[in-house]
Amino acid sequence: MALSPTLDRFLAGMEYPATRDDLLREATRDGLDADDRAVLRTLPEQSYSAAWHIRYRLASAALRESLTPAARAA
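Residues numbered from 1 in each chain as written. Predicted model: local features only at pLDDT ≥ 70, side-chain atom pairs only at ≥ 80, totals over all residues. Heavy atoms only, no water.

1. Section: the overall build of the chain
What counts here: Comment: elements are numbered from the N terminus, with helices defined as DSSP H or I runs of at least four residues and strands as E runs of at least two. Summary of the burial criterion: residues with accessible area below 20% of their type's maximum are buried, those above 50% are exposed, and those between are partly exposed, where the area comes from a 1.4 Å probe applied to protein chains only. Residue contacts are defined here by distance: any two heavy atoms, one from each residue, within 4.5 Å place the two residues in contact. The Shrake-Rupley method, run with a 1.4 Å probe sphere, supplies the accessible areas, and residue values consider only the shown protein chains as cover. Neither His nor the chain ends contribute to the count of charged residues, in which Lys and Arg are positive and Asp and Glu negative. To locate a charge, take NZ of a lysine, CZ of an arginine, CG of an aspartate or CD of a glutamate.
Within the chain, the regular secondary structure consists of five helices and two strands. Element order for the chain, N to C, with α for helix and β for strand: α-β-α-α-β-α-α. The principal-axis extent of the C-alpha atoms belonging to the chain is close to 40 × 25 × 20 Å. Evaluated residue by residue, the chain yields a buried proportion of 30% over its 74 residues. Within the chain, contacts between residues separated by at least 24 positions form 55% of all contacts whose residues are at least 6 apart in sequence. Carbon and sulfur atoms make up 55% of the accessible area of the chain, which amounts to about 4,800 Å² in all. In the chain, the 10 positive side-chain charges and the 11 negative ones have mean positions that sit 5 Å from each other.

Below is the structure:
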């Protein structure tokens, strides 16, 4: 899953540590579109120490999803 340029810039400018709820609140305040906010909603509820931590979580989830039998059969 490639992050949109808007979401990538948002993560780079965010203050850390931040929880998923912090990210969603700031994304709404900054006017991120619904697709970018939906990506943030997929994150586990925890505190994130940096933007790379979020990028890693999102990439790991996308990789797991692409390797599931149901995803490969589609």
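The discussion continues.
2. Quick word on the packing of helix α1 (residues 5-13) against helix α4 (residues 51-67)
What counts, and what does not: Every angle, taken between N-to-C directions, lies between 0 and 180 degrees, and every axis is a line fitted to C-alpha atoms, over only the stretch in contact when it is a helix. Working rule for angles: under 35 degrees goes down as roughly parallel, over 145 as roughly antiparallel, 65 to 115 as roughly perpendicular, anything else as oblique.
Two numbers describe how α1 lies on α4: the axes approach to 8 Å, and their chain directions differ by 140°. The angle between α1 and α4 places the two elements in the oblique class. Note on element contacts: α4 touches α1 through A51, I54 and R55, opposite D8, L11 and A12.

3. Regarding the side chain of H53
Within the element layout of this structure, H53 appears in helix α4. When neighbours within four sequence positions are excluded, H53 is seen to be in contact with Q46, S47 and Y48.

4. What about helix α3 (residues 34-41)?
As a reminder, the rule being used: To obtain the arc, one takes the directions from the helix axis to the C-beta atoms. Between N or O atoms, a polar contact is any pair within 3.5 Å; within protein, one atom must be a potential hydrogen donor and the other a potential acceptor, and residues adjacent in sequence are included only when both atoms are from side chains.
Of the residues making up α3, those classed as buried are D36, V39 and L40. Buried residues in α3, looked at end-on, bunch into an arc of 100°, giving them a common side. For α3, the secondary structure elements touched by its buried residues are α1, α2 (20-30) and α4. The distance from a side-chain oxygen at the start of α3 to the backbone nitrogen of D35 is 3.2 Å, and the residue carrying that oxygen is D33.

5. Here we look at the environment of D8
If you trace the backbone, D8 turns up in helix α1. For the pair D8 and D22, spaced 14 residues apart in sequence, the C-alpha separation works out to 16 Å. Apart from residues lying up to four places away in sequence, D8 is in contact with L3 and R55. A distance of 2.7 Å separates the side chain of D8 from the side chain of R55, its partner in a polar contact.

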